[in-house]
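Remarks on the overall topology
These are the residues of each chain, in order.
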Amino acid sequence: MDSVKDRIETDLKANDVVLYMKGTPVFPQCGFSAAVVQVLTHMGVKFKGINVLEDPEIRNGIKEFANWPTIPQLYVKGEFIGGCDIVREMYQTGELADLLQTKGINVKAA
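As a further point, take the nonpolar core. Ranked by size, the top nonpolar core spans 23 residues in total, and within it Leu19, Met43, Val45, Leu74, Leu96 and Leu100 carry the most contacts. Going through the elements one at a time, β1 (17–21), α2 (31–42), β3 (73–76), α4 (84–93) and α5 (95–102) are the ones with two or more residues in this core. Counting residues per element, this core draws most heavily on α2, which supplies five residues. In terms of nonpolar packing, the next biggest core, distinct from the first, is built from 12 residues, Val4, Leu12, Val18 and Ala66 among them.

The next subject is α5. The complete set of buried residues in α5 reads Leu96, Ala97, Leu99 and Leu100. One side of α5 holds all its buried residues, which, seen down the axis, span an arc of 160°. On its buried face, α5 sits against β1, α2, β3, β4 (79–82) and α4. Looking one or two places after α5, you find glycine 104, whose phi comes out positive at around 85°.

A complete count under the given rule lists four aromatic pairs for this structure. When the centroid spacing of 5.7 Å and the interplanar angle of 80° are considered together, the rings of tyrosine 20 and tyrosine 75 count as edge-to-face. Of this pair, tyrosine 20 sits in strand β1 while tyrosine 75 sits in strand β3, and the two are 55 residues apart along the sequence. Under the relative-accessibility criterion, tyrosine 20 is labelled buried at 0%. Overall, tyrosine 75 belongs to the buried group, its relative accessible area being 1%. Seen in terms of ring centroids, phenylalanine 65 and tyrosine 75 are 6.2 Å apart; in terms of plane orientation they differ by 55°. Their pairing is tilted. In this pair, phenylalanine 65 sits in helix α3 (residues 56–66) while tyrosine 75 sits in strand β3, placing the two residues 10 residues apart along the sequence. Residue phenylalanine 65 is classed as partly exposed on the basis of its relative accessible area of 26%. Grouped by ring-pair contacts, the aromatic residues Tyr20, Phe65, Trp68, Tyr75 and Phe80 constitute a single cluster.

Procedures and definitions
- Residues numbered from 1 in each chain as written.
- Predicted model: local features only at pLDDT ≥ 70, side-chain atom pairs only at ≥ 80, totals over all residues.
- Heavy atoms only, no water.
- Core = buried A, V, L, I, M, F, W, Y, C linked by side-chain atoms within 4.5 Å.
- Buried < 20%, exposed > 50% of the residue type's maximum accessible area, 1.4 Å probe, protein only.
- Helix = DSSP H or I, 4+ residues; strand = E, 2+ residues; numbered from the N terminus.
- Arc of directions from axis to C-beta.
- Contact = heavy atoms within 4.5 Å.
- Phe/Tyr/Trp six-rings, centres within 6.5 Å; stacked < 30°, edge-to-face > 60°.

Laid out in structure tokens, this is it:
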């Protein structure tokens with residue numbers, strides 16, 4: 001598990017915004033992943049998408065890492081934000097834009 005945890009921590013340190021998802025940002029392979037990609041894209045947020053379908057170790061490891069059973073999982077500056085429902089709700093209330101801006105992430109004006 002250490003090597004998987006190390007890989008996750010390396011990705012989180014190297015990228016301000018990381019989305020562990022099914023598929024890729026260009027071709028999401030589940031509706032929940034697609035919804036989070038759509039929110040981030042709409043907000044103009046640059047992010048790294050990591051396709052958990054390509055790597056079963058990461059797919060299982062990220063669930064343990066965050067102690068969160070589902071994918072997608074959004075991280076900002078190494079902090080776990082949540083899955084699809086949480087991200088969507090935060091977006092709708094404006095909380096996601098506030099969080100991103102507070103952490104120094106550029107967000108496109110609404």
